[in-house]
Every structure is written in C-alpha cells, then in structure tokens.
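Observations on the three-dimensional arrangement
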Amino acid sequence: MSEYALEIKDLKKVYGDGFEALKGINFKVKNGDFFALLGANGAGKSTTLGIVSSLVNITSGEVKVFGKDLAKHRDEVKRKVGVVPQEFNFNMFENVIDIVKQQAGYYGLPKKIAEANTEKYLKKLELWDKRDTCSRFLSGGMKRRLMIARALVHEPDLLILDEPTAGVDIEIRRSMWDFLIELNQAGKTIILTTHYLEEAETLCKNIAIIKQGEIIVDTSMRELLSRLDKSTFVFDLEAPVEGVTLQNNMTLTQDNQLEVDVKKGHSLNEVMHFLVENDIHVQSVRPKTNRLEEMFVGLAHQDTEKK
C-alpha cells in the first residue's frame, strides 16, 4: 500500500458560474494519519472532500487515494473511502439496522459479512439496542453515530468526517472522540473537518488550513502550535487579591479571577511561584481559549495586515 492515503496535486475546481473554489491546492495525508482540514465556511473544504469522495468533478489537477489515481480508478477508490457528511442523508423512515445493511449492499458485501459488520459497528457505537428503531426517532447524537456506522460498514481504509460532532452534547462528543482515536490507532486513516477547534487539537496529528481556495498552512499540529508567541490562562482564586503589585502579564478581570499571559519559552511554574510567594491561593486554572483558536486568530490578523 502507498505511503500516502491521499495525495492532492495542483487541484482546481471552477463551477459553472465561474466561481473558482479551489486554486491549485497541494497537500498529502500519510497512511494512518489523523488529519485536520480546517477553514471558514466557503473556504473550499467541502469541495475538496467532495472531489475525494467522487461527489464533485475535478476541473484540473490530480487526486490519488492509496496510490490510485481517482480519474483512472474511480470505482476502486470509492471502495477505499467512507464518508460521513455534515447533513443527515439517510431515509428517516427506515430502521437503523436496515440503513447500515443497505449501505453494505451498495459495496457488494456478501450477506453474512454485511450482517456481521453491521452488528460490529452498531455495537461499537452503542446503537445495537436501537437497531429496530425508526431512525427519525433517534436523538441528534444517535443519528451522528448512525452516520459513522454506515460509513464504516464496508471497512474503508480512509474515513472522511465532515463536522461529525456538530450539535451533539459534550458527553456524546467525548465518547465519539474515544471511538475515533481507537479507530485511528488500529490503522484507519481519518480526515476531519470541524469548527470545534478543541476537537482538531485533541484528535489530529497533522493539519492543513484552507482559505479562499488556497492552502495557507500545511504542517504538524505540534509545529503549528509551537508558533504561538503566548498563551493566556485564567486562574480562579480562593479570595480577592489585596495589597499585591501584579506583574505586567497579569490582569484582574474579576475580584477572584486572574488572567495571565505566558510567553513562549516561559512556563506556568514561574506564575505559580509568584502566586505562592504572595500568598495567593488558586482554586483552578484553565486556558482562556483553545490554543488552535488563538493560532487561527493570529493567522487572520496576519492576513489582514498584508491587505
């Protein structure tokens, strides 16, 4: 099998009205990677993934999936890809088990294998007890999990997730994260788009950011986050601060709340040392914003300055 699950070279997409959605983008996703493709609405994410999943035609350029050229081996590529779209697109009047089994049938799986895989993924995604339930009666979180089970039933090598946890509560989101991490650790290549930046930072090893049809970042998550000049932390204090001269990087936002900017190369240990010296007791500490969110804001600011 190829070293790369996905190779995109000079990919362009121009729609019939003349809109250039993709302007010759290039990036690669290694086999076994958990990869984030991020960007604002309309940036080109859905067009890119639509092309990879054979739902959108290429204007020009090249797409390879596990070394197979999409233009020459479309059917073979489609069998290697499972897609979880953002919108629910199954029959709301069909039972859960039938939705997944029918998907297996579309890929030509023998009946016994289709039934075994259906049971396997419905159990893994905690839907087996709902297998005979009409899908329209499922909660939003269950519908999301059903979409993932359906995408996995033919055992694809590459799983594409477009906003897989949109609209689900925190508990379900965390359980889905655990499941996706388990899948990836078992060797499944996963490409994720999400607006929950905490999700991308938690799950993904590598990242590309697309803006107005162009790739502006293509690197590892660790390297990208290392570019941050500073991080801001919020300290919840046991009592108001009185008679203490705070350092320049510290701001009292409320009587019992302190915000601290920690520059690159420095650590929270220095902050804690100052607090202990001044008898300031801390109840809890947390990042003010997700680190990836800070990076997004920084990139947007840089782009504004260039203009």
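Residues numbered from 1 in each chain as written. Predicted model: local features only at pLDDT ≥ 70, side-chain atom pairs only at ≥ 80, totals over all residues. Heavy atoms only, no water.

Details of the environment of Ala-116
- Among the structural elements, Ala-116 can be located in helix α4 (residues 111–124).
- Considered as a pair, Ala-116 and Val-153 are 37 residues apart in the sequence and their alpha carbons are 9.2 Å apart. (Helix = DSSP H or I, 4+ residues; strand = E, 2+ residues; numbered from the N terminus.)

Points about the pattern of salt bridges
- Applying the stated rule across the entire model yields nine salt bridges.
- Between Lys-68 and Glu-76 there is a salt bridge, with its nearest N and O atoms 4.0 Å apart.
- Of the residues examined, Lys-68 reaches a relative accessible area of 29% and is grouped as partly exposed.
- As a salt-bridge pair, Lys-188 and Glu-155 come within 4.0 Å of each other at their nearest N and O atoms. Note that Lys-188 is positioned in the loop between α6 (170–185) and β8 (189–193) and Glu-155 in the loop between α5 (140–152) and β7 (158–162), a separation of 33 residues in sequence.
- Connected through shared salt-bridge partners, Lys-120, Glu-155 and Lys-188 make up one network. (Salt bridge = Lys/Arg side-chain N within 4 Å of Asp/Glu carboxyl O. Buried < 20%, exposed > 50% of the residue type's maximum accessible area, 1.4 Å probe, protein only.)

Quick notes on the side chain of Asn-117
- With respect to the secondary-structure elements, Asn-117 resides in helix α4.
- Residue Asn-117 is classed as buried on the basis of its relative accessible area of 9%.
- Looking at Asn-117, its side chain comes within polar contact range of the main-chain oxygen of Val-153, at 2.9 Å.
- Once residues lying within four places of it in the same chain are set aside, the contact partners of Asn-117 are Leu-109, Val-153 and Glu-155. (Polar contact = N/O pair within 3.5 Å; in protein donor to acceptor, adjacent residues only side chain to side chain. Contact = heavy atoms within 4.5 Å.)

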